[in-house]
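Chain residues, written in single-letter form:
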Amino acid sequence: MTGIGWFMSVIIGALAGWIAEKIMKTEHSLILNIILGIFGAIVLNWILFAVFGATLGGWIGQLVVAVVGACLLIAAGAMIKGRG
């Protein structure tokens, strides 16, 4: 997450992972919520930057990006798990 710092990245990642698990109706641990939130933000920031050349700024913008990215990761994981 750009310009936020590690501590706020963990806080936003945990919050985003928790929101995403509620939206997707799944249950995860706190550690997995943090990981999903942070990696979700990284993935969606990369996609947004590749497509639009920019991403959302500030901690609220990054929270939105992290929630959407975490939802995408949860959905992708469910699709892969469903195939096996």
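Each value, and the rule that gives it
- The residue numbers shown here count from 1 along each chain, following its written sequence.
- In keeping with the model being predicted, local features are shown solely for residues with a pLDDT of at least 70 and side-chain atom pairs are shown and tallied solely at 80 or more, while totals for entire chains, interfaces and linings include all residues.
- To obtain the side-chain values, all non-hydrogen atoms of the structure were used and water was disregarded.
- Helical segments are the DSSP runs of H or I of at least four residues, strand segments are the runs of E of at least two, and each set is numbered from the N terminus.
- Think of it in three bands: residues with accessible area under 20% of the maximum for their type are buried, residues over 50% are exposed, and the middle band is partly exposed, with areas taken using a 1.4 Å probe on protein chains only.
- Here, residues are in contact when the closest pair of their heavy atoms is within 4.5 Å.
- Every case where a carboxyl oxygen of Asp or Glu lies within 4 Å of a side-chain nitrogen of Lys or Arg is listed as a salt bridge.
- Within this scheme, the nonpolar core is defined by two criteria: the residues are buried Ala, Val, Leu, Ile, Met, Phe, Trp, Tyr or Cys, and they are joined through side-chain atoms within 4.5 Å.
- Here, axes are lines fitted to C-alpha atoms. For helices the fit covers the stretch in contact, and angles between N-to-C directions go from 0 to 180 degrees.
- Roughly parallel covers angles under 35 degrees, roughly antiparallel covers those over 145, roughly perpendicular covers 65 to 115, and oblique covers all other angles.
- Throughout, a crossing is termed right-handed when the near helix is turned clockwise from the far one, and left-handed when it is turned anticlockwise from it by less than a right angle.
- Note on residue categories: nonpolar means Ala, Val, Leu, Ile, Met, Phe, Trp, Tyr, Cys or Pro, charged means Asp, Glu, Lys or Arg, and polar means any other residue, Gly included.

Undergrad: Now, about the environment of Gly69: what can you tell me, with residues and values included?
TA: With respect to the secondary-structure elements, Gly69 resides in helix H3 (residues 58–83). On the basis of relative accessibility, which here comes to 2%, the residue Gly69 falls in the buried class. Through-space distance from the C-alpha of Gly69 to that of Phe49 is 13 Å; in sequence the pair is 20 residues apart. With residues near it in sequence (within four places) discarded, Gly69 still touches Gly40 and Leu44.

Undergrad: Can you tell me about the pattern of salt bridges, naming the residues and giving the values?
TA: Taken as a whole and assessed by the stated rule, the structure comprises 1 salt bridge. Between Lys22 and Glu27 there is a salt bridge, with its nearest N and O atoms 3.7 Å apart. For Lys22, a relative accessible area of 42% corresponds to the partly exposed category.

Undergrad: Quick rundown of the nonpolar core? Include the residues and the values.
TA: In terms of nonpolar packing, the biggest core is built from 12 residues, these being Ile4, Ile12, Ala16, Ala20, Leu36, Ala41, Leu63, Ala66, Val67, Ala70, Cys71 and Ile74. When residues of this core are traced back to their parent elements, those giving at least two are helix H1 (6–23), helix H2 (30–52) and H3. The dominant element in this core, judged by the number of residues it contributes, is H3, at 6 residues. With near-sequence residues (within four places) excluded, Ile74 lies in contact with Ala20, Glu21, Met24, Thr26, His28 and Leu36.

Undergrad: Residue-level account of the packing of H1 against H3, with values.
TA: Put simply, H1 and H3 touch, their axes get as near as 8 Å, and they point 45° apart. By the criterion of interaxial angle, the relationship of H1 to H3 is oblique. Seen from above, H1 lies across H3 with right-handed handedness. Mapping the contact onto sequence places Ile12, Leu15, Ala16, Ile19, Ala20, Glu21 and Ile23 in H1 and Trp59, Gln62, Leu63, Ala66, Val67, Ala70, Cys71 and Ile74 in H3. Among the residues making up the contact of H1 with H3, the classes are represented as 13 nonpolar, 1 polar and 1 charged.

Undergrad: Just give me the short version of the packing of H2 against H3, but keep the residues and values in it.
TA: For the pair H2 and H3, interaxial distance at closest approach is 7 Å and the crossing angle is 100°. Classified by the interaxial angle, the pair formed by H2 and H3 is roughly perpendicular. Contacts between H2 and H3 involve Leu36, Gly37, Phe39, Gly40, Ala41, Leu44, Asn45 and Leu48 on the former and, on the latter, Gln62, Val65, Ala66, Val68, Gly69, Ala70, Leu72, Leu73 and Ile74. Here the residues of the contact of H2 with H3 are counted per class, giving 12 nonpolar, 5 polar and no charged.

So far we have only geometry, and geometry alone does not tell us how the molecule works.
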